[in-house]
Amino acid sequence: PGREATMMRALHARPQGKIPPGLITSMWRDMISCSTLQEAGNFKVGVHVPKKGPDLWDLARDHYGPYTPLVEFTSAKDIIKALQNKKISVGIVPPPEQDEKDCWWALLDSGKKNPLTVFQSMPFEKPKAGKWNGRNALKEGYIIGQLYPELTGDDRSLLAFKCDHVPEAEMKRLLGKAGYKVRKLIEKSTGRSSAASYFAEVDGFVGRNDTRLGRIKAMLGSRLKQLTPLGGYPLPLKNGRRS
C-alpha cells in the first residue's frame with residue numbers, strides 16, 4: 001500500500017490533459033486487484049454492510065474491482081473475528097466515531113504473533129460531486145489485515161490505549177507532549193468506573209518501535225494497562241491532489 005500510494009501520487013502529479021478525473025486511479029486499482037487475485041489465490045474481502053444505514057459495499061467494489069470476491073458482514077466486530085479465524089483475507093470497516101456501538105478497534109491486539117492492523121484507507125482518490133458511485137455509502141473505510149503500513153511521507157496513524165480514566169483534554173495534552181498531533185480522540189468506558197479504552201488518530205507515521213510511544217508510557221505510568229499501535233494509512237488524494 002505504501003509503494004502504491006507513492007506511485008499514485010507520482011502519476012497524478014503529471015499533466016493529465018483531458019483524462020477524466022478518477023480514471024487513472026480506477027485503472028490502477030483494477031490492475032492491482034487482478035494481480036492480487038493471481039498471487040494470493042483464495043483472496044476474499046469482508047465488507048461492513050449493516051442491516052440499516054450506509055455501508056461500504058460500493059466503495060469496496062470500486063477499490064477492489066469487479067472480480068474480487070466480497071463477503072457481507074453486518075458488524076465490524078464480525079469482520080475482525082473472521083480475519084482472526086482466517087475466513088477472509090482483509091476486512092473493510094468504518095472509521096471509529098464517538099457514539100459507535102460497534103467498537104472494532106478495541107479487539108485488535110499488537111501482542112499477538114500475527115497482529116491485525118489498519119494498513120490502508122479507501123477511496124484513495126476522493127470523488128468530485130456528481131462522480132460518486134456509492135448510493136447508500138459511507139464516505140470512507142479502513143482496510144485491515146496482517147500487514148503493517150509503510151512510511152510514505154504523507155500519512156496518518158492510529159493508536160489504542162487501555163488505562164485508568166484520563167480526561168480527554170489531559171490525554172490530548174499528553175499525546176501532544178509526546179510529539180503527536182491529534183486529529184481524533186475517542187474514549188470508551190470498559191464497564192469499570194476507573195478504566196477506559198481510547199482511540200487516537202494522529203498525523204504522520206508511527207512505527208511499532210516509535211520512540212514517542214515510550215514517552216506516552218512514561219507519562220501515564222501505572223495508569224496505562226496496554227498501548228497498541230493500530231497501523232494507519234497513506235493520506236488519500238483529493239480531486240487528483242493530496243488532501
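Residues numbered from 1 in each chain as written. Predicted model: local features only at pLDDT ≥ 70, side-chain atom pairs only at ≥ 80, totals over all residues. Heavy atoms only, no water.

K.L.:
Even after reading the chapter, I still don't get the overall build of the chain, so can you show me in this structure?
P.N.:
Summing up its helical and strand segments, the chain has six helices and 12 strands in all. Over its C-alpha atoms the chain spans a radius of gyration of 18 Å, differing by no more than 12% from the 18 Å that the globule rule assigns to 243 residues. In terms of overall dimensions, the chain has a C-alpha envelope of 55 × 35 × 35 Å along the principal axes. In the chain, buried positions account for 47% of the 243 residues. If you take every contact in the chain between residues at least 6 apart in sequence, the share linking residues at least 24 apart comes to 75%. As presented, the chain carries roughly 12,900 Å² of accessible surface, and 50% of it is formed by carbon and sulfur atoms. Averaging the locations of the 40 positively and 25 negatively charged side chains of the chain gives two centres separated by 2 Å. (Helix = DSSP H or I, 4+ residues; strand = E, 2+ residues; numbered from the N terminus. Rg over C-alpha atoms; globule rule 2.2 N^0.38 Å. Buried < 20%, exposed > 50% of the residue type's maximum accessible area, 1.4 Å probe, protein only. Contact = heavy atoms within 4.5 Å. Areas by Shrake-Rupley, 256 points an atom, 1.4 Å probe, with all protein chains shown as cover. Lys, Arg positive; Asp, Glu negative; His and termini not counted. Charge placed at Lys NZ, Arg CZ, Asp CG, Glu CD.)

K.L.:
Just to check I follow, could you spell out the nonpolar core for this structure?
P.N.:
In summary, soluble globular proteins display a tendency toward joint burial of nonpolar side chains. With 23 residues, the main nonpolar core has Val93, Trp104, Trp105, Tyr142, Ile144 and Leu230 as its most contacted residues. Elements that contribute at least two residues to this core include exactly α4 (76–84), β6 (141–145), β7 (155–164) and β10 (224–234). Setting aside residues no more than four positions away along its own chain, Leu230 makes contact with Trp105, Leu108, Thr117, Val118, Leu158, Leu159, Ala160 and Phe199. Counting 20 residues, the second largest nonpolar core, distinct from the first, contains Leu159, Tyr198, Ala200 and Val206. (Core = buried A, V, L, I, M, F, W, Y, C linked by side-chain atoms within 4.5 Å.)

K.L.:
What exactly am I supposed to notice about the environment of Ala76 here?
P.N.:
Here Ala76 lies in helix α4. Distance in space between the C-alpha atoms of Ala76 and Ala178 is 31 Å, their sequence separation being 102 residues. Beyond its immediate stretch of four places on either side in the chain, Ala76 contacts His48, Val93, Pro94, Asp102 and Trp104.

K.L.:
Got a minute to help me understand the side chain of Arg156 in this structure?
P.N.:
Residue position: Arg156 is located in strand β7. For Arg156, a relative accessible area of 17% gives the class buried. In this structure the side chain of Arg156 is engaged in a polar contact, spanning 3.4 Å, whose partner is the side chain of Glu201. Apart from the residues within four sequence positions on either side, Arg156 is in contact with Arg183, Glu201, Val202, Asp203, Gly204, Gly232, Tyr233 and Leu235. (Polar contact = N/O pair within 3.5 Å; in protein donor to acceptor, adjacent residues only side chain to side chain.)

K.L.:
Looking at this model, I keep getting lost on the packing of helix α1 (residues 2–13) against helix α2 (residues 23–40). Mind explaining?
P.N.:
For any two helices packed against each other, the geometry is given by the interaxial angle and the distance between the axes. Relative orientation of the contacting elements α1 and α2 amounts to 150°, with a least axis distance of 11 Å. If you check the angle between α1 and α2, you find them roughly antiparallel. As α1 packs across α2, the resulting crossing turns out to be right-handed. Between α1 and α2, the residues in contact are Glu4, Met7, Met8, Leu11 and His12 and Ile24, Thr25, Trp28, Arg29 and Ile32, respectively. Of the residues belonging to the contact of α1 with α2, the class tally is six nonpolar, two polar and two charged. (Axes fitted to C-alpha atoms, helices over the stretch in contact; angles between N-to-C directions. Parallel < 35°, antiparallel > 145°, perpendicular 65-115°, else oblique. Left-handed = near helix turned anticlockwise from the far one by under 90°. Nonpolar A, V, L, I, M, F, W, Y, C, P; charged D, E, K, R; others polar.)

K.L.:
Which parts of the structure should I look at to understand helix α3 (residues 57–64)?
P.N.:
Since there are 3.6 residues in each turn of an α-helix, residues three or four apart along the chain are aligned in direction. For α3, every residue scored as buried is listed here: Leu59, Ala60, His63 and Tyr64. For α3, the angular spread of the buried residues around the axis is 110°, confining them to a single face. Those residues of α3 hidden inside the fold are in contact with α2, β1 (45–48), β2 (70–73), β3 (90–93), β4 (117–122) and β6. Gly65 occupies a position one or two residues after α3 and carries a positive phi of about 80°. (Arc of directions from axis to C-beta.)

K.L.:
What should I look at first to understand the pattern of salt bridges in this one?
P.N.:
Between side chains of opposite charge, a pair can form as their charged atoms come close. Taken as a whole and assessed by the stated rule, the structure comprises eight salt bridges. Taking the shortest distance from any N to any O, the salt bridge between Glu201 and Arg156 comes out at 3.4 Å. Of this pair, Glu201 sits in strand β9 (residues 195–203) while Arg156 sits in strand β7, and the two are 45 residues apart along the sequence. Overall, the relative accessible area of 5% leaves Glu201 in the buried class. The residue Glu170 makes a salt bridge to Arg173 at a minimum N-O spacing of 3.0 Å. Of this pair, Glu170 and Arg173 are both found in helix α5 (residues 168–178), three residues apart, which corresponds to roughly one turn of the helix. Overall, Arg173 belongs to the partly exposed group, its relative accessible area being 44%. Connected via shared salt-bridge partners are Arg156, Arg183, Glu201 and Asp203. (Salt bridge = Lys/Arg side-chain N within 4 Å of Asp/Glu carboxyl O.)

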